[in-house]
Structure formats: C-alpha cells, structure tokens
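One letter stands for each residue in the lines below.
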Amino acid sequence: MSKKIALITGGVAGIGRAIAQTLVEQAYTVAVCDIDDRRGEMMAKEFSGSLSFYHCNVAKEEEIKAVVQHVYSEYGRIDALVNNAGIIRRRTSEEIKVSDWDEVFQVNVRGAFLFCKYVAPLMKQAGRGKIVNISSIAGKMGDITSAPGYGPSKAALDSLTKTFARELAPYGITVNGVAPHAIETEMSAEWSAEKRESIIKAIPLQRLGKPSEVAATVAFLLSEGADFITGEIIDVNGGFLMD
Ligand SMILES: NC(=O)c1ccc[n+]([C@@H]2O[C@H](COP(=O)([O-])OP(=O)(O)OC[C@H]3O[C@@H](n4cnc5c(N)ncnc54)[C@H](O)[C@@H]3O)[C@@H](O)[C@H]2O)c1
C-alpha cells in the first residue's frame, strides 16, 4: 500500500514540527506549510524523501487553494489534514488593536475553515480522511494570559470541528480537535518566569507539556484506532482542566 499523506499547517516549529516528525516516524509522507521559509527549507533537507515544505500563509485563501492543489497533484491523495497554525496576541481588551484581534481569527479560525473547505472534497472523493484541529484549553475556559482574541478564536475552532465532524461523517471522514495547555514552545516562551511558575503550580502533573506529547495524541486521532471518534476535543493539559 502506498504511504499515507499528511498535510500540516504551521509545521516548522513547536507543536507542528513535533507532529511532522512523529508522522514521518510512523511512515507518513508529510507536507508542511508555513510562513517561515527558512525553517521550512531546513526541515525539508533534514527529512528529505519523507517531507516537503510549501510556503503558505493560512490567512490567505489563494495560497491555501494553491498549496492544497499542489500537494494533491504531487501525491494524488491527502489522507490527513492537521490545522495547527495558530497565533496569539497578548494585550488587554483595552489595549488590543482591532486589526490584531481580526488577525488572530483569520489565522486560527478562517485558516482552518479554508483548509477543511478545500481538502474535504478530496477526502470525500476517496471515501475516507482524518482532520485534526489544534485548539487550546483557552477555547474551553477563556484565555489565562490576557489574550482577548485567542480564547474566543479557539472556541470558534472547537465549534468548527464539531460542525465539520457532523457534515463529513457520512463520507467516512473524522474531524477532531486537540486542546493543549502549557506546552514548551516559542509561544509559551513569551511567559515571564513568575507566570511560568504559577502555571506549573496549577497543573496537577507539576510540569509543562512537551510538543511530542501533543503529537502523540494527534497521531492516535489519525490512526485506525480512532476510527469511531469524531467531533471530540481531547485535552492534553497535565490535568489542569478535567472535563
Ligand atoms: N504552546 C502552547 O502552550 C499551546 C497551548 C495551547 C494551544 N496551542 C496551539 O498549538 C498550535 C501550535 O502552537 P505552538 O506553541 O507550536 O506555536 P509556535 O509559535 O511555536 O509555532 C507556530 C507555527 O505556526 C506558524 N504560523 C504562524 N502564523 C502562520 C500563518 N499565518 N500561516 C502559516 N503558518 C503560520 C509559525 O511560523 C510557526 O511555525 C497553535 O494553534 C496554538 O494555538 C499551543
């Protein structure tokens, strides 16, 4: 059987990179897209033969259409889509510019919507497919680091996940989310030392999470073992929120 093809957005750093690496280790062929061309090209060299890099800003519909078309014409299938690209703008609601709030929604929600919109017809044609959206604990309980656009964008992403899960279930396609909290990446590196300490204190497992731990959950949701799971948002949070 030919290798499975996975398309990952925001796949050259942090959690996205860990997902790409885990899937390469599981014998997928991986297409990563990101705005960071330098890291993308380095990654394509590092995983040469198993991974290709495509420039794509998920805030731009034309770039999304082009990358989906490109990956499909290159490999003839897309088995898995992971909408991982996400941004945060930390400001109080008084300080945040409306344009920054809009940008968070464009990347975190509209980007994922557009990737689902353009990939789903290809999966429908194949009669199978798996989509995983990387959400956040902030979607369930509001953002704890003063980012008024971020929590609402992730709540919208969770609803989008369930909406697509219902629409695509009759075609053999599952759509799930993963909601991490406090994972050691560049996004969380912005926290002050005090913030970091107070976040760790509040986590029952008393540590930050690793990108590879989020990646393992994504790999499970993409596996046959998860064939009967759809519309679910799985927590990866050290026990901080038990819902
Ligand atoms: N790190 C955490 O603690 C944490 C917690 C909860 C949720 N998340 C979510 O996990 C996902 C990954 O976060 P991370 O911590 O690895 O972030 P990160 O900032 O380390 O990496 C994000 C990646 O997305 C890319 N990206 C940003 N904007 C993009 C755009 N417009 N188009 C394409 N690519 C773009 C970046 O270049 C980068 O490679 C995000 O959706 C984030 O909201 C992270």
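Overview of the structure. Everything quoted here is computed from the prediction, not taken from an experiment.

## Side note on the overall build of the protein chain
Here is step 1 of the chain: Tallying secondary structure elements over the protein chain gives 9 helices and 7 strands in all.
Here is step 2 of the chain: Computed over its C-alpha atoms, the radius of gyration of the protein chain comes to 17 Å, within 12% of the 18 Å expected for a compact globule of 243 residues.
Here is step 3 of the chain: Overall size of the protein chain, expressed as C-alpha extent along the three principal axes, is 50 × 35 × 30 Å.
Here is step 4 of the chain: Burial analysis of the protein chain (243 residues in total) assigns 49% to the buried set.
Here is step 5 of the chain: A separation threshold of at least 6 residues defines the contact pool for the protein chain, and within that pool the share at least 24 residues apart is 70%.
Here is step 6 of the chain: Carbon and sulfur atoms make up 53% of the accessible area of the protein chain, which amounts to about 11400 Å² in all.
Here is step 7 of the chain: Distance from the positive charge centre (27 side chains) to the negative charge centre (30 side chains) of the protein chain: 3 Å.

## Notes on the nonpolar core
The tendency in soluble globular proteins is for nonpolar side chains to be buried side by side.
Here is step 1 of the chain: Residues L7, V68 and F115 are the most contacted members of the largest nonpolar core, which totals 34 residues.
Here is step 2 of the chain: No other element matches the 11 residues that helix α4 (residues 98-126) contributes to this core.
Here is step 3 of the chain: In contact with L7, not counting residues within four places along its chain, are A31, C33, V68, V71, I78, A80, L81, V82, F115 and V119.

## Digging into the pairing of strand β4 (residues 80-83)
Here is step 1 of the chain: Taking every second residue as pointing to the same face, both faces of β4 are buried, with A80 and V82 on one and L81 and N83 on the other.
Here is step 2 of the chain: As judged from the 3 bridges shared by strand β1 (residues 5-9) and β4, these two strands associate in the parallel manner. Within β4, the position partnered with L7 by the bridge is L81.
Here is step 3 of the chain: With 4 bridges joining them, β4 and strand β5 (residues 129-134) adopt parallel strand pairing.

## Details of the site of the ligand
Here is step 1 of the chain: Every one of the 26 residues lining the ligand counts as a neighbour, but D34, N84, Y150, I183 and T185 are closest to it.
Here is step 2 of the chain: D34 is positioned with one of its side-chain polar atoms (N or O) 2.6 Å from an oxygen atom of the ligand.
Here is step 3 of the chain: Relative to its unbound accessible surface of 840 Å², the ligand loses 91% to contact with the protein.
Here is step 4 of the chain: If you list the elements that add at least two residues to the shell around the ligand, you get α1 (14-25), α6 (150-168) and α7 (186-189).

## Quick look at the packing of aromatic side chains
Here is step 1 of the chain: Per the stated rule, a full pass over the model turns up 2 aromatic pairs.
Here is step 2 of the chain: Between the aromatic rings of W101 and F105, the centroid separation amounts to 4.3 Å while the plane-to-plane angle is 20°, which identifies the pairing as stacked. In this pair, W101 and F105 both sit in helix α4, 4 residues apart, roughly one turn of the helix.
Here is step 3 of the chain: Using a relative accessible area of 32% as the deciding quantity, one classes W101 as partly exposed.
Here is step 4 of the chain: Owing to a relative accessible area of 22%, F105 belongs among the partly exposed residues under this scheme.
Here is step 5 of the chain: Lying over the aromatic face of Y171, K124 brings its terminal NZ or CZ to 4.5 Å of the ring centre.

## With respect to helix α9 (residues 211-222)
Here is step 1 of the chain: Given a rise of 1.5 Å per residue, 12 residues ought to cover 16 Å, and the 17 Å separating the end C-alpha atoms of α9 matches this to within 8%.
Here is step 2 of the chain: Within α9 the residues assigned to the buried category are P211, V214, A215, T217, V218, A219, L221 and L222.
Here is step 3 of the chain: Buried residues belonging to α9 abut α1, β4, β5, β6 (173-180) and β7 (233-236).

## Overview of unusual backbone geometry
Here is step 1 of the chain: Its identity as a non-glycine residue notwithstanding, A27 has a phi of 75°, on the positive side.
Here is step 2 of the chain: For A182, which is not glycine, the phi torsion reads 55° and is therefore positive.

## Quick notes on the packing of α1 against α9
For any two helices packed against each other, one specifies the crossing angle of their axes together with the interaxial distance.
Here is step 1 of the chain: Where α1 contacts α9, the axes come no closer than 8 Å and their chain directions differ by 55°. The orientation of α1 with respect to α9, classified from their angle, is oblique. Note that α1 runs across α9; the crossing there is right-handed. On the side of α1, the interface is formed by G14, I15, A18, I19, T22 and L23, while α9 contributes P211, S212, V214, A215, V218, A219 and L222.
Here is step 2 of the chain: Residue composition of the contact of α1 with α9, grouped by class: 10 nonpolar, 3 polar and no charged.

So, how was this worked out
- Residues numbered from 1 in each chain as written.
- Predicted model: local features only at pLDDT ≥ 70, side-chain atom pairs only at ≥ 80, totals over all residues.
- Heavy atoms only, no water.
- Helix = DSSP H or I, 4+ residues; strand = E, 2+ residues; numbered from the N terminus.
- Rg over C-alpha atoms; globule rule 2.2 N^0.38 Å.
- Buried < 20%, exposed > 50% of the residue type's maximum accessible area, 1.4 Å probe, protein only.
- Contact = heavy atoms within 4.5 Å.
- Areas by Shrake-Rupley, 256 points an atom, 1.4 Å probe, with all protein chains shown as cover.
- Lys, Arg positive; Asp, Glu negative; His and termini not counted.
- Charge placed at Lys NZ, Arg CZ, Asp CG, Glu CD.
- Core = buried A, V, L, I, M, F, W, Y, C linked by side-chain atoms within 4.5 Å.
- Pairing = 2+ DSSP bridges.
- Near = heavy atom within 4 Å.
- Polar contact = N/O pair within 3.5 Å; in protein donor to acceptor, adjacent residues only side chain to side chain.
- Phe/Tyr/Trp six-rings, centres within 6.5 Å; stacked < 30°, edge-to-face > 60°.
- Lys NZ or Arg CZ within 6 Å of the ring centre and 35° of its normal.
- Expected span 1.5 Å × (residues − 1).
- Axes fitted to C-alpha atoms, helices over the stretch in contact; angles between N-to-C directions.
- Parallel < 35°, antiparallel > 145°, perpendicular 65-115°, else oblique.
- Left-handed = near helix turned anticlockwise from the far one by under 90°.
- Nonpolar A, V, L, I, M, F, W, Y, C, P; charged D, E, K, R; others polar.

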